[in-house]
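What follows is each chain in one-letter form.
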Amino acid sequence: MIPLTNAPAVVCHAGSGSNPANSDGPRNACLAGLDAIARGNGALDAAIAATQFLEDDVRFNAGTGSNLRLDGTIQMDASCMTSGGDFAAVAAIERVRNPVAVAKRLLGTPQIVLVADGATAFARRCGFADHDPVTPAAQSRLRKVLAVTDTLGEWSRSELERAWNYDTPLREALGCDTVGSVAWDGKGFASSLSTGGTTTVLRGRVGDVPLPGCGLFTGIHGAIVATGDGEYIARSLLAYRAYAELERGRSPEQVVQWALDELAEGVDIGVIVMNQTGFAGGARRGMAWHGQCGGA
Ligand code: ASP
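Residues numbered from 1 in each chain as written. Predicted model: local features only at pLDDT ≥ 70, side-chain atom pairs only at ≥ 80, totals over all residues. Heavy atoms only, no water.

Quick notes on the site of the ligand
Link 1 in the chain: In the neighbourhood of the ligand, 11 residues make up the surrounding shell, with Thr178, Arg205, Asp208, Thr227 and Gly228 lying closest.
Link 2 in the chain: In the model, an oxygen atom of the ligand is placed 2.7 Å from a nitrogen or oxygen of the Arg205 side chain.
Link 3 in the chain: At a separation of 3.0 Å, an oxygen atom of the ligand approaches a polar backbone atom of Gly230.
Link 4 in the chain: Across the complex, the protein chains shield 100% of the 270 Å² of accessible surface that the ligand would expose by itself.
Link 5 in the chain: Among the cavities detected, the one that contains the ligand is the largest cavity.
Link 6 in the chain: Grouping the amino acids of the shell around the ligand by side-chain chemistry returns 1 nonpolar, 7 polar and 3 charged. (Near = heavy atom within 4 Å. Polar contact = N/O pair within 3.5 Å; in protein donor to acceptor, adjacent residues only side chain to side chain. Areas by Shrake-Rupley, 256 points an atom, 1.4 Å probe, with all protein chains shown as cover. 1 Å grid on protein atoms, 1.4 Å probe; cavity = no way out; pocket = protein on both sides within 12 Å on 5 of 7 lines; lining within 4 Å. Sits in = over half its atoms within 2 Å of the grid points. Nonpolar A, V, L, I, M, F, W, Y, C, P; charged D, E, K, R; others polar.)

Looking at empty space enclosed by the protein
Link 1 in the chain: Counted under the stated rule, the structure contains 1 cavity of 30 Å³ or more.
Link 2 in the chain: Lining the largest cavity are 14 residues, and of these Thr178, Thr195, Gly197, Thr198 and Gly228 sit closest to its centre. (Points joined across faces, edges and corners; volume = space filled by probe spheres on them.)

Considerations on the sheet that holds strand S6 (residues 189-195)
Link 1 in the chain: Pairing is mixed across the open sheet formed by 7 strands, whose spatial order is S4-S3-S2-S6-S5-S1-S11. One side of each edge strand has no neighbouring strand; the edge strands of this open sheet are strand S4 (113-115) and strand S11 (287-293). Taken over all neighbouring pairs, the strand axes of this sheet differ in orientation by 5° on average, direction set aside.
Link 2 in the chain: The strands touched by helix H1 (residues 24-38) are strand S1 (9-16), strand S5 (178-184) and S11; relative to S11, the strand with the most contacts, the crossing angle is about 30°.
Link 3 in the chain: Strands in contact with helix H2 (residues 43-55) are S1, strand S2 (76-82), S5 and S6; relative to S5, the strand with the most contacts, it is inclined by about 155°. (Pairing = 2+ DSSP bridges. Helix = DSSP H or I, 4+ residues; strand = E, 2+ residues; numbered from the N terminus. Axes fitted to C-alpha atoms, helices over the stretch in contact; angles between N-to-C directions. Contact = heavy atoms within 4.5 Å.)

Remarks on H2
Each α-helix winds once per 3.6 residues, and so residues spaced three or four apart point in a common direction.
Link 1 in the chain: For H2, with 13 residues, the first-to-last C-alpha span of 18 Å sits near the 18 Å given by 1.5 Å per residue.
Link 2 in the chain: Listed in full, the buried residues belonging to H2 are Ala43, Leu44, Ala46, Ala47, Ile48, Ala50, Thr51, Leu54 and Glu55.
Link 3 in the chain: Buried-residue contacts for H2 involve S1, H1, S2, helix H3 (99-106), S5 and S6. (Expected span 1.5 Å × (residues − 1). Buried < 20%, exposed > 50% of the residue type's maximum accessible area, 1.4 Å probe, protein only.)

Looking at the pattern of salt bridges
Link 1 in the chain: Applying the stated criterion to the full structure yields 13 salt bridges.
Link 2 in the chain: Ionic pairing is found between Arg95 and Asp130, a salt bridge with its closest N-O pair at 2.7 Å. Note that Arg95 is positioned in the loop between strand S3 (87-93) and H3 and Asp130 in the loop between helix H4 (116-125) and helix H5 (136-152), a separation of 35 residues in sequence.
Link 3 in the chain: With a relative accessible area of 36%, Arg95 lands in the partly exposed category.
Link 4 in the chain: One network of salt bridges, with partners in common, ties together Asp24, Asp57 and Arg59. (Salt bridge = Lys/Arg side-chain N within 4 Å of Asp/Glu carboxyl O.)

So, the sheet that holds strand S8 (residues 222-228)
Link 1 in the chain: Strand order in the open sheet formed by 4 strands is S7-S8-S9-S10, with antiparallel pairing between adjacent strands. The open sheet has two edge strands, strand S7 (216-219) and strand S10 (278-283), and neither has a second partner. Between one strand axis and the next, the sheet turns through 5° on average, direction left out of account.
Link 2 in the chain: Here strand S9 (residues 269-275) pairs with S10 via 6 bridges, running antiparallel. Of the residues in S10, the one forming a bridge with Asn275 is Gly278.

Now the structure itself:
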């Protein structure tokens, strides 16, 4: 592992269960983040630029290409946090291209979370244009999910995984990726997340992504972002508890393993972790992710 010095570093993931063959997405997102720092911005702008890059990549479940809710609409969650103690998020926002940029814009207000129509109205007020994030691939995922929904009700996720005998892999039928980034600018850390949420969720559902300490946490000891089954991640305050492990002196690799061991068998979980000793990432079902250090 490369210890982080004053040189910047960015680590990005394309979500638990995302195909590692698509790691060009996270790799180019890291470059977008490092480029933001090279142009004189800090870790927050790097984490936002990197996550925005992944929101614009239609292969991933965030921004354009987000999962559809069971009613066929798209509602998205996004958040950002810095080691300076700033946090902001939007939840169930609709029809914007880059939800994470709206979350960042909220940092300049006294509020920390805006939801649903209030979040969308705030985005419009700030000049974020109307944008339809629906893609044919996401519509097709919903059709597959609806085709198996009756079956899903009868099985636990892990039982279903073991018994699955359709040609379409279960992961592909269900979808389940969030995109996320952590960044170090030589002085401080920042993190950001963005998602269309898991499949088979109701309109109005809010996951772990916009909840501080659940999907992400960042402090002076480092930055963590999680991906996977948001309800489980949120109930266990996973990111905050992973941060506490970093604070106790565990390495990023150890904290990744701690997080993967923490949730019950069959729960979908992945994390990326960064501190001044370096970075690490991992997921139970594989994950496209990449970390990159910038020039000195
Ligand atoms: N954690 C996200 C959510 O529950 C989804 C994911 O990471 O795949 O909304």
